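Summary of the model geometry
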Number of protein chains: 2
Amino acid sequence: LVAARPEGKVRESDFLFVDSPIPEPRQGEFLVKVMFLSVAPVLRRHLMGKSENLPPLNTGEVMRGRGVGRVIVSHHPEFAQGDIVQGKFGWQEYAISAASPEDMVHKVLQRKLPFSTSLGVLGPTGFASYLALNDIGQPRPGDAIVVSRASSGVGSNVGQIARILGCSPVLGIAGSRRKCRFMVENLGYDAAINYRQEDLGRRLDELCPDGVDIYFDNVGGQTLDTVLARIKPRGRIILCERMSDRDREDPRGIRNYGVIGNRQARMEGFNIYQHESDFHRAEAQLTEWLSSGKMRYLEDRLEGIEMMPKALLRLFQGKNLGKQLVRVDPEAE
Amino acid sequence: LVAARPEGKVRESDFLFVDSPIPEPRQGEFLVKVMFLSVAPVLRRHLMGKSENLPPLNTGEVMRGRGVGRVIVSHHPEFAQGDIVQGKFGWQEYAISAASPEDMVHKVLQRKLPFSTSLGVLGPTGFASYLALNDIGQPRPGDAIVVSRASSGVGSNVGQIARILGCSPVLGIAGSRRKCRFMVENLGYDAAINYRQEDLGRRLDELCPDGVDIYFDNVGGQTLDTVLARIKPRGRIILCERMSDRDREDPRGIRNYGVIGNRQARMEGFNIYQHESDFHRAEAQLTEWLSSGKMRYLEDRLEGIEMMPKALLRLFQGKNLGKQLVRVDPEAE
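Residues numbered from 1 in each chain as written. Chains lettered and ligands numbered in written order. Predicted model: local features only at pLDDT ≥ 70, side-chain atom pairs only at ≥ 80, totals over all residues. Heavy atoms only, no water.

**Section: the overall build of chain A**
- Of the regular secondary structure elements, chain A holds 9 helices and 13 strands.
- For 333 residues, the compact-globule estimate of 2.2 N^0.38 gives 20 Å, and the C-alpha radius of gyration of chain A, at 20 Å, lies within 12% of that figure.
- Counting only C-alpha atoms and orienting by the principal axes, one finds that chain A spans roughly 60 × 45 × 35 Å.
- A separation of at least 24 residues holds for 69% of the contacts in chain A among residues at least 6 apart in sequence.
- A total accessible area of about 13,700 Å² is found for chain A, and carbon and sulfur atoms account for 47% of it.
- Distance between charge centres in chain A, computed from 45 positive and 42 negative side chains, equals 5 Å. (Helix = DSSP H or I, 4+ residues; strand = E, 2+ residues; numbered from the N terminus. Rg over C-alpha atoms; globule rule 2.2 N^0.38 Å. Contact = heavy atoms within 4.5 Å. Areas by Shrake-Rupley, 256 points an atom, 1.4 Å probe, with all protein chains shown as cover. Lys, Arg positive; Asp, Glu negative; His and termini not counted. Charge placed at Lys NZ, Arg CZ, Asp CG, Glu CD.)

Spelled out as structure tokens, the structure:
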């Protein structure tokens, strides 16, 4: 449960674990035994009471979050015992759902890859990576692309997809030497920039002296501003909403936005839930690339629901490599 | 001629007038007797040596600028004596051109409206207004639209076109009571906001409490930031390059850019010279609206080439109502 609203940084003490009986589904509901739960930066906005499209989350309520699990009892006509479902089940080992729109429940049909992938590369994270890059970025072979938070769930997909589509160079920004090495060795980035140790602008000038065609932004702020100054005419800047913890107002502001006008560039936001009709297209393409080995998926797993606060904190501490998950059911694979 | 590079504000002393013999066109060139010259904010960038796509303009060179005139001698196969031509002829009463790409010469074919319109509503200014609003803004009936610098050449067109296309409300921002009254009485704006005397944010909250679908930005800075905070989901923000004097870096920066991500909005720059193939479409539609009286064109004319520096200064002093022109040939109509 939510125990307190964080002031600034999220703390483990903002959460409280309670035991309660497994609920019984009523007519029109089903009961899910949760296998995996995921965390995403947007959860901090919920915790702070700043949800964009939902009522504010209050203390004493079940913390929001997305999971995948198996239907164990169903009184809902469209779901049967044994179905694998993915949705916003909250931080719970067992969850009741009526498949209402805000739960965003989808059945997981693929059986080739572990079900946990439906929280990452074969779920909203992966679909957002694929669809935002394609629909807004419109990548062409030879396009210079820069990705921030490049070893994260979204970043690790975007870098790989950009490489498959022929972008060059594919440059990633991250905050540690470990991540940077990982990105080049495992994710196919042509080069990685450690923004904590290197001058981002100078490195970009070396690595893509003609400028940047596509910037996939997961951080905003000064990083966005530095890349903006180097955007090419008709460049595309993708702001990927769901993956961002960006607050409404950035006190420093971005100063180089004028280049969007001067260079006929485009900066556009992406909300995966406006694109549900495209999920099958994304899933089919990603499954093909994953099955054929062209693309890898990366998970950072912790064990046990009591690790959820720590899992969330890891995002903001920059510790995770790949999609941060918690295995809630020790028998899940 | 350019006499000095302005430091900050443009001064009349940055220019120098000289008399020289009327030149003779060589093979492949023609001589134009200029009727009208126009000024635009982008000229300040040229003066400061910050041209985007051209070599820097140096002192001692003819000041750049667009004009319309009559061909009086031609040794160019595609232009004949008597043709009316529009192009970048510079601040001159007589100009030689080889119709090279950088001169951007076009023949003026219409005879229904004064030739001066080819520097305004039937030239790049008008075409940019129409094409940027349609192509980036994608206006639908009932869309709330806000236009800054709303009584300017571009602004006066955009407001009228938005109204014809059914946008509602059509709101304009300007910097004087005179302009605001003019916009509502003559340009079909539903309301005008005087940013010098009113709180822009509060007025927008009153006039379009549900937010803004389209913002046609001609100023950037704090105005852009204030409108951004009120942009609706899937809203469109048009940065109209050619009409802007915006410098590369805005030291305050825009702080609300995060809404572009959070609300799946789009901010896009427009450069009219990437859209020359659409000029005929724009010209046909605008001529129809102008001829039928649905739309008006507004010019602010000064007399005589020696008024050019003053005409340019008027833009930055906010004095012009409509397209700022200078009639260079006293016999032109």
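**A look at the sheet that holds strand β8 (residues 191–194) of chain A**
- The strand order β8(A)-β7(A)-β6(A)-β9(A)-β10(A)-β11(A)-β11(B)-β10(B)-β9(B)-β6(B)-β7(B)-β8(B) describes an open sheet built from 12 strands, whose pairing is mixed. The open sheet is flanked by β8 of chain A together with β8 (191–194) of chain B, the only strands paired with a single partner. The average undirected angle you get between the axes of adjacent strands in this sheet is 20 degrees.
- Taken together, the 5 bridges between strand β10 (residues 231–240) of chain B and strand β11 (residues 266–270) of chain B define a ladder with parallel strand orientation. (Pairing = 2+ DSSP bridges. Axes fitted to C-alpha atoms, helices over the stretch in contact; angles between N-to-C directions.)

**A short note on the interface of chain A and chain B**
- Across the contact, 34 residues belong to chain A and 34 residues belong to chain B.
- Interface of chain A and chain B: buried area, both sides summed, is about 3,000 Å²; carbon and sulfur atoms make up 49% of it.
- The three residues of chain A that bury the most area against chain B are Y257(A), N262(A) and Q264(A), which together make up 24% of that side's buried surface.
- Elements with a minimum of two residues in the side of chain A that touches chain B: α6 (221–228), β10 (231–240), α7 (258–262) and β11 (266–270) of chain A.
- Tallying contributions element by element places β11(A) first for the side of chain A that touches chain B, with 5 residues.
- Grouping the constituent residues of the side of chain A that touches chain B by class yields 9 nonpolar, 12 polar and 13 charged.
- Pairing between β11(A) and β11(B): 3 bridges, direction antiparallel. If you follow R266(A) over to β11(B), its bridge partner there is E268(B). (Buried area = accessible area lost by both parts, 1.4 Å probe. Nonpolar A, V, L, I, M, F, W, Y, C, P; charged D, E, K, R; others polar.)

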